[in-house]
Amino acid sequence: MKLTPEEEDMLSGKRGKAAEKAMDLLVRYANALGAERFVETYNVAGVPGTSNPWLKHQFEADGGDYRAVFCRFDLDSDEVFDLPKMTGNSCHLQGGMDPELWREQGFSDALHDNFVSDEKNVTALDIRNLKTCTPYIAGNEPKFGEHCAWMESSAVVYCNSVLGSRTNTEGRESTSAAMITHRIPDWGLHTDANRRGHHHIKVDVPVDSIFEWGMLGYFIGEIVQETIPVIEGDLKNADLTRHKHFGAAAASSGGVEMYHMVGITPEAPTAEKAFGGLTPLSHIYYGPEERRKTYENLNIRGKSRDVDFVMLGCPHAALEQIEEVARLLVGRKIHENTALWMFTSRFVKLQADARGFTDIIQGAGGMLMTDTCSAISQIIPPDTKVVALDSAKQTHYLPAFMGVEAWYGTTTDCINAAVSGKWEGELS
Ligand code: F3S
């Protein structure tokens, strides 16, 4: 590895113990990847130092606190030391519980105390507690071409594809180290050569709603896995929310970290530009038959039509999605046997509160929650057997994590199920 004088200083300990240990971890990481240098990054999104009591217990001999977890677990250090204030744009992604509705989610006082304590420590280090998987709608929107170090697959694919910023799917360790050093290996999607498209996708049915965008993403991810698709065709209303659902789905059925949409995403003004001289590995077609099969595939775990739980907001809902749900609920009540939880970020919830959407959802018997989701927290209402979802990503994960049946449909299908207690969604 070629290190700059500043990086050498960090590694030798001249810039303090935290920089030394963080740089040591990053050099080991870069060597394992085969990277020859670092890029500078001032935009880092991770889960620095946050842990449950079980993990703290593993480091009891080192104090069993936030500091011990950050040093020993995040930085893989053999010593525990004071942590510096983080500079640049360092933010905390989603967490494990809602700061106000944690009792309703079923958490104990002890777990909540641990949550409050970690939050205080994160804030004391000047890390922004955004607590969301959608930092790009909660105040952290990196610039085109900016090098970032982000965790969270749905945020990574959005960062690369829609914003044209550059990040690989980082881990807790590399992001915590990058917050201290402002370095990340120059590898993968940080380089021009690795941002070129691999497969050509022709979309031959109208893809307009988030339901359709989610299905298309799920279809493409399953086929291209970790490579970069270049998509052309009948894509409509390409807004933040649709990209959010498309990318999250493609990153869960496959491992898509970047996609190009010709004439839509910033690095794909033309198909030629998106492929950057590479010959497409394959040409893939998405028509009515592929759409129908994807819908059936997503609904393969739906058996009983009696819905116990409707979960919305994966990835965390944008304000217009909360507005849509509030509008659908006006004058209606959630069924007595069904629960409705919708997840968003703290930033967006403040706006939903101000616009009266939270009151409408609560008045109907639902809850608007922040910070987490059912897949991350592994919390669902007691005795849930059947879930309704409008997110292909959540439909992919929740049945596997929680052993529940799941239906995938439109947001309207889901709200209708919340009100009637019955799943009546079908493909039109
Ligand atoms: Fe976010 Fe949870 Fe989905 S963290 S992307 S809402 S799985």
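For clarity, every value in this text was computed on a predicted model and none was experimentally measured.

1. Considering the domain arrangement of the protein
Split by domain assignment, the protein resolves into domain 1 (5-190), domain 2 (196-297) and domain 3 (299-420). A separation of 29 Å is found between the C-alpha centroids of domain 1 and domain 3. Taken together, the contact pairs 23 residues of domain 1 with 21 residues of domain 3. Interface of domain 1 and domain 3: buried area, both sides summed, is about 1,700 Å²; carbon and sulfur atoms make up 59% of it. Three residues, Leu101, Gln105 and Ile137, lead the burial of domain 1 against domain 3; their summed loss comes to 27% of the area buried on that side. Where domain 1 packs against domain 3, one counts 2 salt bridges. Put simply, Arg346 and Glu119 hold a salt bridge, and the shortest N to O gap is 2.5 Å. Summed over the shared surface of domain 1 and domain 3, the result is 6 residue pairs in polar contact (both at pLDDT 80 or more). Counting residues per element, the ones that place at least two in the side of domain 1 that touches domain 3 are helix H5 (102-105), helix H6 (109-124) and helix H7 (153-161).

2. Focus on the sheet that holds strand S2 (residues 43-46)
Spatially, the 3 strands line up as an open sheet ordered S3-S2-S4, and their pairing is parallel. The strands lining the two open edges of the sheet, one partner per strand, are strand S3 (89-92) and strand S4 (149-150). Both S2 and S3 contribute to a ladder of 4 bridges, which runs parallel. Across the sheet, Ala45 pairs through a bridge with Cys91, a residue of S3. The strands touched by helix H8 (residues 172-181) are S2, S3 and S4; relative to S2, the strand with the most contacts, the crossing angle is about 145°.

Parameters and conventions
- Residues numbered from 1 in each chain as written.
- Predicted model: local features only at pLDDT ≥ 70, side-chain atom pairs only at ≥ 80, totals over all residues.
- Heavy atoms only, no water.
- Domains from an automatic or database assignment.
- Contact = heavy atoms within 4.5 Å.
- Buried area = accessible area lost by both parts, 1.4 Å probe.
- Salt bridge = Lys/Arg side-chain N within 4 Å of Asp/Glu carboxyl O.
- Polar contact = N/O pair within 3.5 Å; in protein donor to acceptor, adjacent residues only side chain to side chain.
- Helix = DSSP H or I, 4+ residues; strand = E, 2+ residues; numbered from the N terminus.
- Pairing = 2+ DSSP bridges.
- Axes fitted to C-alpha atoms, helices over the stretch in contact; angles between N-to-C directions.

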